[in-house]
Amino acid sequence: MTDLSAGTGLSTRRHLGKAVYQNRATTRAGLSERLFALLFSGLVYPQIWEDPDVDIAAMELDESHRVVTIASGGCNVLAYLTRQPAKIDAVDLNAAHVALNRLKLTAFKTLPAHGDLLRFFGATNQRSNSEAYRRFIAPALDAQSRRHWESRGPLGRRRIDAFTRNFYRKGLLGFFIATGHTVAKFYGVNPADIMKSRSLRDQRIFFDEQLRPLFDRGLVRWATSRKASLFGLGIPPAQYDSLITAGDGTMADVLSSRLEKLACHFPLKENYFAWQAFARHYPAQGEATLPAYLERRNFDTIRAAADNVTVHHANLMDVLGNKPAQSVDRYVLLDAQDWMNDDQLNALWSEITRTAAPGARVIFRTAAAPSLLPGRVNDHILNQWHYEKIRSRELSANDRSAIYGGFHLYVKAA
């Protein structure tokens, strides 16, 4: 696996600046972009909010495939390993995400058994995780990642000690969810009460009677009309503008519709994303579905395939630029393209098209429902790809995370 390459907040902001800055620093929009980059330079996603089951189905992933994916919290990378692809390049601009991916991969290779892994990444308030890190993971972890996890945060605690409490309440996403719970409780609603539901009907009633009315509150509508309010979801200013087009002109209504899908479209026993949003932890083993990488049945498979992953602290374009022609079979872009201007999109798809093997597949998500490529990526590039429109809609409907407006699948034309 590659070295972390200067995994500091400053380094992360430098990478992010190239991706996010589209306006001068002296403008209001430019200041907003720079605030986002500052906040994004630390841990954002303790877990991903894209459904890996949907990804795997879309990619039709198998042992022959060479994958390039954005890393994020790493749950997706580990889920892909259940299909034992030949090679995964996991790429991220955020040094904290890179360190988290490296920690997870090393944990799979060094922790003695599945129970140890589940305690470390699936449970809460496990003080034994500190000793498990010291004894098993730390000696095998690369030096840069080890410095990251053993350094101390603003409160004087080592970052790794977050795994002795509830790691999933950390980072910008954890703060965003906590803020949502605080606001709801201010209005007399405890979102965790939805976990008492025993059917989809119960979930629907709770949403309609308790959660939906929150988005009509003046404070909520005012707060969500500010772009900075969604920085905790990892949504930069450019993506906010795209997201708001998915509703009736107000962000409160967009968020209400996305929360409705999360709360009402899937049984709680099948949706660990809902557990994190409402209960603020994963279910216990046997209580409900866990992320694929935490399931006992996948432990040995992922452990055996962990060395197939290379983690890069880099821009996706830089990684693709070093790839030979026709050397990649599957691309996972998450929602990164929502951040991009037209020049960046065309440069990315030029490299994707150059490096794509015959039959290659690209998957990505968008804040709004439509694909953002038509009319923005040059026809001579886009005509080399077939958009699987019907399949994309099916997969979007199946995405349990419910955050995005659209899921999109493109296949390299013959």
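Residues numbered from 1 in each chain as written. Predicted model: local features only at pLDDT ≥ 70, side-chain atom pairs only at ≥ 80, totals over all residues. Heavy atoms only, no water.

Caption draft 1: Inspection of the overall build of the protein at higher detail. Looking only at helices and strands, one finds 19 helices and seven strands in the protein. Across the 414 residues that make up the protein, the buried fraction comes to 56%. Considering only residue pairs separated by 6 or more positions, the protein has 73% of its internal contacts joining residues 24 or more positions apart. Here the protein has roughly 17500 Å² of accessible surface; of this, 52% comes from carbon and sulfur atoms. (Helix = DSSP H or I, 4+ residues; strand = E, 2+ residues; numbered from the N terminus. Buried < 20%, exposed > 50% of the residue type's maximum accessible area, 1.4 Å probe, protein only. Contact = heavy atoms within 4.5 Å. Areas by Shrake-Rupley, 256 points an atom, 1.4 Å probe, with all protein chains shown as cover.)

Caption draft 2: Quick peek at the packing of aromatic side chains. Counted by the stated rule, this structure contains 19 aromatic pairs. Ring centres of Trp49 and Phe273 lie 5.4 Å apart, and the angle between their planes is 50°; this geometry places the pair in the tilted category. One end of the pair, Trp49, is in the loop between helix 2 (28-40) and helix 3 (52-59); the other, Phe273, is in helix 14 (residues 272-279), with 224 residues separating them in the sequence. Taken as a pair, Trp49 and Phe273 share a single burial class, namely buried. Judged by centre distance (6.5 Å) and plane angle (65°), the rings of Phe121 and Tyr293 are edge-to-face. With Phe121 in helix 6 (residues 114-121) and Tyr293 in the loop between helix 14 and helix 15 (299-305), the pair connects residues that are 172 residues apart, well separated along the chain. The exposure class assigned to Phe121 is buried, which follows from its relative accessible area of 1%. Residue classification places Tyr293 among the buried positions, given a relative accessible area of 1%. (Phe/Tyr/Trp six-rings, centres within 6.5 Å; stacked < 30°, edge-to-face > 60°.)

Caption draft 3: Expanded view of the pattern of salt bridges. This model, assessed by the stated rule, comprises 23 salt bridges. Between Glu131 and Arg134 there is a salt bridge, with the nearest N and O atoms lying 2.5 Å from each other. Placement of both Glu131 and Arg134 in helix 7 (residues 128-137) is noted, with a separation of three residues, approximately one turn of the helix. Among the residues examined, Glu131 registers a relative accessible area of 40% and is labelled partly exposed. The residue Arg221 makes a salt bridge to Asp253 at a minimum N-O spacing of 3.1 Å. (Salt bridge = Lys/Arg side-chain N within 4 Å of Asp/Glu carboxyl O.)

Caption draft 4: Highlighting the sheet that holds strand 3 (residues 309-313). Strand order in the open sheet formed by seven strands is 3-2-1-4-5-7-6, and the pairing between neighbours is mixed. Where the open sheet ends on each side, the last strands, each with one partner, are strand 3 and strand 6 (385-387). Between one strand axis and the next, the sheet turns by 15° as a mean value, whatever way the strands run. Docked against the sheet, helix 3 engages strand 4 (328-332), strand 5 (356-366) and strand 7 (406-412), running at close to 150° with respect to strand 5. (Pairing = 2+ DSSP bridges. Axes fitted to C-alpha atoms, helices over the stretch in contact; angles between N-to-C directions.)

Caption draft 5: Local environment of the environment of Ser256. Here Ser256 shows up in helix 13 (residues 251-264). Assessed through its relative accessible area of 7%, Ser256 is described here as buried. The residues touching Ser256, leaving out its near neighbours within four places in the chain, are Phe207, Arg212 and Phe215.

Caption draft 6: Seen up close, the nonpolar core. If you look at the biggest cluster of nonpolar residues, it comprises 125 residues, and the most contacted ones within it are Leu103, Phe120, Phe121, Trp149 and Trp349. Among the elements that take part in this core, helix 5 (residues 95-110) stands out by supplying eight residues, more than any other. If we skip the residues at most four places from it in the chain, Trp349 touches Gln337, Val362, Phe364, Leu373, Val377, Ile381, Trp385 and Tyr410. (Core = buried A, V, L, I, M, F, W, Y, C linked by side-chain atoms within 4.5 Å.)

Caption draft 7: Here's a closer look at the environment of Lys170. Secondary-structure assignment places Lys170 in the loop between helix 8 (143-150) and helix 9 (171-186). Judged by relative accessible area, which is 27%, Lys170 ranks as partly exposed. Spatially, the C-alpha atom of Lys170 lies 6.7 Å from that of Pro46, the residues being 124 residues apart in sequence. Excluding residues within four positions of it along the chain, Lys170 makes contact with Leu43, Pro46, Ala162 and Arg165.

Caption draft 8: Structural view of the confidence of the model for the protein. For the protein, per-residue confidence averages 90 on the pLDDT scale, and residues scoring 70 or more make up 88% of the total. Confidence over residues 1-10 falls short of pLDDT 50; this stretch has 29 contacts with residues more than four positions distant or in other chains. (pLDDT = per-residue confidence, 0-100.)

Caption draft 9: Inspection of the packing of helix 10 (residues 200-211) against helix 13 at higher detail. Remark: helix 10 packs on helix 13, axes separated minimally by 9 Å, with the N-to-C direction vectors making an angle of 150°. In terms of orientation, helix 10 lies roughly antiparallel with respect to helix 13. Both helix 10 and helix 13 take part in a crossing whose hand is right-handed. The segment helix 10 lies against helix 13, with Leu200, Gln203, Arg204, Phe207 and Leu211 engaging Ser256, Leu259, Glu260, Ala263 and Cys264. Among the residues making up the contact of helix 10 with helix 13, the classes are represented as six nonpolar, two polar and two charged. (Parallel < 35°, antiparallel > 145°, perpendicular 65-115°, else oblique. Left-handed = near helix turned anticlockwise from the far one by under 90°. Nonpolar A, V, L, I, M, F, W, Y, C, P; charged D, E, K, R; others polar.)

Caption draft 10: View of the packing of helix 5 against helix 6. The N-to-C vectors of helix 5 and helix 6 enclose an angle of 155°; their axes lie 9 Å apart at closest approach. Judged by the angle between their axes, helix 5 and helix 6 are roughly antiparallel. Pair helix 5 / helix 6 crosses with right-handed handedness. Residues Leu103, Lys104, Ala107 and Phe108 of helix 5 lie in contact with helix 6, whose contacting residues are Leu117, Phe120 and Phe121. Here the contact of helix 5 with helix 6 is composed, by residue class, of six nonpolar, no polar and one charged.

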